[in-house]
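What the coordinates show
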Amino acid sequence: MGFKSAALSFSVQAECKTSRARAGIMKLPHYEVRTPVFMPVGTQGTMKGLLPDQLESLDCEIILGNTYHLGNRPGTEVLKKAGGLHKFMGWNRALLTDSGGFQMVSLLKLAEITEEGVKFRSPYDDSEIMLTPEKSIEIQNCIGADIIMQLDDVVQTTFQDYDRIKEATERTSRWLDRCLRAHRKPTEQSIFPIVQGLLNSDLRTQSAREHMTKEVNGFAIGGLSGGEAKDDFWPMVKLGTGILDNNRPRYLMGVGLAIDLVVCVALGVDMFDCVFPTRTARFGCALINTGQLNLKQQKYETDLNPIDRDCSCSTCKNYTRSYLHCIVTVETVACHLISVHNIAFQMRLMRTMRENIEKGTFPQFVHKFVNDLYPDGNYPNWVVNSLNSVGINIYKK
Ligand SMILES: [Zn+2]
């Protein structure tokens, strides 16, 4: 089972016999990526990410770059001269860029969306800029990522106005056609359409079905993880993976909490991205199997254990909780050290899921994971319901 094209080939190596989880290999121009995969955000204007060689040694095979920031600084001319972002930032593996639209709408209060595109005021020189689907693809062609995203009409997830959600969903389909027409490098880069429709299952079904009729190499599920209730979130993911092609990769945007990753892999998602692991590091929080350690807490002052005894990252090998506690509020290096661990945590979680899917033991893995996270057996309803819906039956103790 799989899919082949010049810019992307995907082969499913193993499927879970119970749930929709699958392990695959996605062959991209710059690297072969094993799925399910978590993509750390490698370039971000507001916070320093990790260095490319650190991401490589943490076993990251694909990272995400923000078009909005890159389009402004260094700007497309510099990127063109540098020969694309891979060369510019010294990253030789696979890369995905977003369309720039989401960043704009979420960062800039002045963004105005019309049929033409997203109009906003540049935070750098106050000039008026119009990001059209064509412009977004032009910038992304210039950046040169292996996977690029269509510009979509973004509505806040918890928004209630049906007419506006319908308009945004249908406009996203029209903008997809404009993006595909504007694409200059179809043999080197794959445009992923974005399924919209927020929490309305009819609109989401319509959006996914329309995208299925296009010649694309993979799909994204967007408009979720924006503050909606978990009970509303997972059925929309399941609806998406149920309609979107089994032969092509499916990417759920903006999801990165460990329990969400486990549930959504069970629901059939192959790719994820989220700023959460590095953002939470900034607040002194380290990710572990049983949740998070807030290293700012006084109790870690004398704790000479590493963050996680079973973690082989450079932070856990070299530093204690006590040391991290001492520097956590005063040194940016603490944020960096915790980020290294948090990305290592995400990578290990994805690797463990892949191995268990391949061995045919994914449901057992899920049981153990959920048990470690909620040792009192008081599992959240949404976790029980979502996993049950794909045949992994867990019960509250
Ligand atoms: Zn670690």
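In this text, all values refer to a predicted model and were calculated from it rather than measured experimentally.

This part covers the coordination of the zinc ion. Between any two of four tetrahedral donors, the ideal angle at the metal is 109.5 degrees; between two of six octahedral donors, it is 90 or 180 degrees. Only Cys-311 (SG), Cys-313 (SG), Cys-316 (SG) and His-341 (ND1) from the protein reach the zinc ion as donors, at distances of 2.1 to 2.3 Å. Coordination geometry of the zinc ion: the four donor atoms subtend angles of 97 to 123 degrees at the metal centre, consistent with an arrangement described as tetrahedral. Between consecutive donors of the zinc ion, the numbers of intervening residues give the motif C-x1-C-x2-C-x24-H. Placement of Cys-313 in the loop between β19 (291-294) and α11 (314-318) and of His-341 in helix α13 (residues 332-359) is noted, with a sequence separation of 28 residues between them. Overall, the relative accessible area of 4% leaves Cys-313 in the buried class.

Quick look at unusual backbone geometry now. Cis peptide bonds are those with omega within 30 degrees of zero, and the linkage from Thr-35 to Pro-36 qualifies with 0 degrees. Mapped onto the elements of the fold, Pro-36 is located in the loop between β4 (32-35) and β5 (37-39). Phi at Leu-198 is positive, roughly 45 degrees, even though this residue is not glycine. Residue Leu-198 is classed as buried on the basis of its relative accessible area, which comes to 2%. A positive phi angle, close to 60 degrees, is found at Ser-225, a residue other than glycine. Checked against the element boundaries, Ser-225 lands in the loop between β15 (219-221) and α8 (230-243).

This next bit is on the nonpolar core. Of all hydrophobic cores here, the largest spans 98 residues; its most connected members are Leu-252, Phe-272, Phe-362 and Val-370. For this core, the element with the most residues is α13, which contributes 12 residues. Residues lining this core come from more than one domain, with at least three contributed by each of domain 1 (11-274) and domain 2 (283-376). Every residue in contact with Val-370, bar those within four places of it in the chain, is listed here: Ile-259, Tyr-379, Val-383, Leu-387 and Ile-394. Counting 21 residues, the second-largest nonpolar core is a separate cluster that includes Phe-10, Ala-94, Met-149 and Tyr-251.

Right, let's get into the environment of Ile-307. Note on placement: Ile-307 falls in the loop between β19 and α11. Considered as a pair, Ile-307 and Thr-320 are 13 residues apart in the sequence and their alpha carbons are 6.8 Å apart. Non-local contacts of Ile-307, meaning those with residues more than four positions away in its chain, are made with Ala-286, Ile-288, Leu-293, Leu-295, Thr-315, Cys-316, Arg-321, Leu-324 and His-341.

A word on the pattern of salt bridges. Inspection of every chain in the model, using the stated rule, returns 21 salt bridges. Where Glu-115 meets Arg-174, a salt bridge forms, and the shortest distance between an N and an O atom there is 2.8 Å. Within this pair, whereas Glu-115 is found in the loop between β9 (112-113) and β10 (118-121), its partner Arg-174 is found in helix α6 (residues 162-182), the two being separated by 59 residues in sequence. Judged by relative accessible area, Glu-115 falls into the partly exposed class, the value being 33%. By relative accessible area, Arg-174 is classed as partly exposed at 37%. Asp-177 is the partner of Lys-214 in a salt bridge, and the nearest nitrogen-oxygen pair spans 3.0 Å. Of this pair, Lys-214 sits in the loop between α7 (201-212) and β15 while Asp-177 sits in helix α6, and the two are 37 residues apart along the sequence. In the salt-bridge network here, residues are joined through shared partners; they are Glu-115, Asp-153, Arg-164, Glu-167, Arg-171 and Arg-174.

As a further point, take the environment of Ser-190. On the secondary structure map, Ser-190 appears in strand β13 (residues 190-192). Separated by 183 residues in the primary sequence, Ser-190 and Ala-7 have C-alpha atoms spaced 6.0 Å apart. Here Ser-190 is in contact with Ala-7, Leu-8, Asp-146, Ile-147, Ile-148 and Asn-217, once residues within four sequence places are set aside. Polar contacts involving the side chain of Ser-190 include one to the side chain of Asn-217, which spans 2.9 Å.

Domain parsing of the chain yields domain 1 (11-274) and domain 2 (283-376). Each of domain 1 and domain 2 has a C-alpha centre, and these two points are 27 Å apart. In total, about 2100 Å² of surface goes out of reach between domain 1 and domain 2, with carbon and sulfur atoms giving 79% of it. Remark: the boundary between domain 1 and domain 2 carries one salt bridge. Across the salt bridge formed by Arg-351 and Asp-59, the nearest N and O atoms sit 3.7 Å from each other.

Scoring rules and cut-offs
- Residues numbered from 1 in each chain as written.
- Predicted model: local features only at pLDDT ≥ 70, side-chain atom pairs only at ≥ 80, totals over all residues.
- Heavy atoms only, no water.
- Donors = N, O, S within 2.8 Å, 3.2 Å for Na, K, Ca; no water.
- Tetrahedral: all angles 85-135°; square planar, octahedral: opposite > 155°, others 65-115°.
- Helix = DSSP H or I, 4+ residues; strand = E, 2+ residues; numbered from the N terminus.
- Buried < 20%, exposed > 50% of the residue type's maximum accessible area, 1.4 Å probe, protein only.
- Core = buried A, V, L, I, M, F, W, Y, C linked by side-chain atoms within 4.5 Å.
- Domains from an automatic or database assignment.
- Contact = heavy atoms within 4.5 Å.
- Salt bridge = Lys/Arg side-chain N within 4 Å of Asp/Glu carboxyl O.
- Polar contact = N/O pair within 3.5 Å; in protein donor to acceptor, adjacent residues only side chain to side chain.
- Buried area = accessible area lost by both parts, 1.4 Å probe.

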